[in-house]
Amino acid sequence: MSNVAALFQPLKLGPLTLKNRIFMSALTRSRSVPTNVPNAINVEYYKQRAQGGAGLIVSEGILVTQQGTEWQNAPGIWNKEQVDAWKKVTDAVHDAGSVIFAQLWHLGRVSHPNAPEQIAAGVPVYAPSVLSARGGKFRFLEGAPGYVTPTAIDDPWKLVALFKQAAINAKEAGFDGVEIHGANGYLVQQFLDSTSNQRTDQWGGSVENRSRFGLEVLKAAIDVWGADRVAIKLNPAGGYNDMGMPLEETIETYKYFIEEADKLGIAYFTLVRYADILNPEYDGKRRATIHDIIATYGPFIKKALVLSNAGFTPVEAAEHIESGKVAGVFFGFLWVTHPDLTLRVKHGKALDNAPDFPHLYGIGGDVESQRKGYTDYPAASYN
């Protein structure tokens, strides 16, 4: 274990002590059938990974309001039934000795107005500006359409309020904190990025104005939780969901945003490294702004913990911790296929479970059918 020993050092996260630095990233699995309320199989999934040794679990993206996402059974946290259901998840994680943050998620322009959940919500697909993202594939709609032109929100404070209520609900549900989803082309990043935000009011234009929405969302969450239980995930390289600005503008924007967010005293930043899988091609050209994310933005963070994810191996993660580049690392896909990831790393077991790609995301059906490719990955033997 010598080459991964750094992963097993405890870490202080605000008032919490994490038992190791192998964290579980937010992972959309679309398994909260029949609609958007966590079920017994979701509880089992999180319990498995807590028992498998995760030092910190960040939930899958939890919708702060009803939206027509590409994942029909993504869970929400806007009503009491959902709060009560998430309480069963958090209780299971705590009983297994782990810590869990809720990732609060609004998709902005990458929902579809014809999706049943959006129709049920009774509101348009809101975004900063009337600018469609390229891409998307709503397989459950006739013709599998992509993204469409959204409606510009008249008053972004309405959307800030949704995050605040979700933060209140997450606290009631027993989470240990909240991570704001500011990455992957969703609403917070849409406000930050000048290619998706062309507003001319206080919410758009200058770097300060484009940063305003994300900072106000953080402040709203801090009002509920206190700063040391609030975090944010950022993906400055962009790419996914048609995000990305020229390099100079990217650095200027994220430098300002990170420095201002850090002044708020938040617990951590998750800096998503550049990854090919997050760099789609549109009109024959790759979209992301490729640069070294940790080296560029890590130095701007003076108070919060710097965490990272995207394609790390355990050995590489340990090297980043030992060198002081990051305090801990989130793993994603390795947790999908290995419910006992931390134990495997600790005991030198192979990470050899084959991915069940056809069942990576849920496609509806009853609760029991959700197990396939979700809770049926085997743990290693430790005899």
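Everything numeric in this text was worked out from a predicted model, so none of it was measured.

1. Regarding the packing of aromatic side chains
Link 1 in the chain: Counted under the stated rule, the structure contains 20 aromatic pairs.
Link 2 in the chain: Seen from their ring centres, Phe138 and Tyr147 are 6.0 Å apart, and the 80° between their planes marks the pair as edge-to-face. Comparing Phe138 with Tyr147, the two get one shared label, buried.
Link 3 in the chain: With a centroid separation of 6.5 Å and an interplanar angle of 65°, the aromatic rings of Phe191 and Trp203 are classed as edge-to-face. Here Trp203 lies in the loop between α5 (187–192) and α6 (207–225) and Phe191 lies in helix α5, a separation of 12 residues in the sequence. Judged on exposure class, the residue Phe191 and its partner Trp203 are both buried.
Link 4 in the chain: Three or more aromatic residues joined by ring pairs make a cluster, and in this case those are Tyr45, Tyr46, Trp86, Phe175 and Tyr374.
Link 5 in the chain: Seen from the ring of Phe312, Arg273 lies directly overhead, with NZ or CZ sitting 3.5 Å from the centre.

2. Re unusual backbone geometry
As a rule of thumb, non-glycine residues mostly have phi less than zero, and peptide bonds are mostly trans rather than cis.
Link 1 in the chain: The step from Val33 to Pro34 runs through a cis peptide bond, and the omega angle for that step is 5°.
Link 2 in the chain: Tracing the chain through its elements places Pro34 in the loop between β3 (22–24) and α1 (40–51).
Link 3 in the chain: Its identity as a non-glycine residue notwithstanding, Asn241 has a phi of 60°, on the positive side.
Link 4 in the chain: Of note, Asn241 is situated in the loop between β9 (230–234) and α7 (247–263).
Link 5 in the chain: With a relative accessible area of 3%, Asn241 lands in the buried category.
Link 6 in the chain: With a phi angle near 65°, Asp242 is a residue other than glycine that sits in the positive phi range.
Link 7 in the chain: Relative to the helices and strands, Asp242 is located in the loop between β9 and α7.

Conventions and cut-offs
Numbering of residues starts from 1 in every chain and runs along the sequence as written. Owing to the predicted nature of the model, reporting of local features is limited to residues with pLDDT of at least 70; listing and counting of side-chain atom pairs is limited to 80 or more, with chain, interface and lining totals taken over all residues. Hydrogens are left out, water is left out, and the side-chain values use all remaining heavy atoms of the structure. Put simply, two rings from Phe, Tyr or Trp (the six-membered ring, in Trp's case) pair if the centres are within 6.5 Å, and we call them stacked under 30 degrees between planes, edge-to-face over 60, tilted for the rest. Note on exposure labels: buried denotes an accessible area under 20% of the residue type's maximum, exposed denotes more than 50%, and partly exposed covers the range between, all computed with a 1.4 Å probe on protein chains only. Think of it this way: any DSSP run of H or I at least four residues long counts as a helix, any run of E at least two long counts as a strand, and we number them from the N terminus. The rule for a charge over a ring is simple: NZ of Lys or CZ of Arg within 6 Å of the ring centre, and within 35 degrees of the ring normal.

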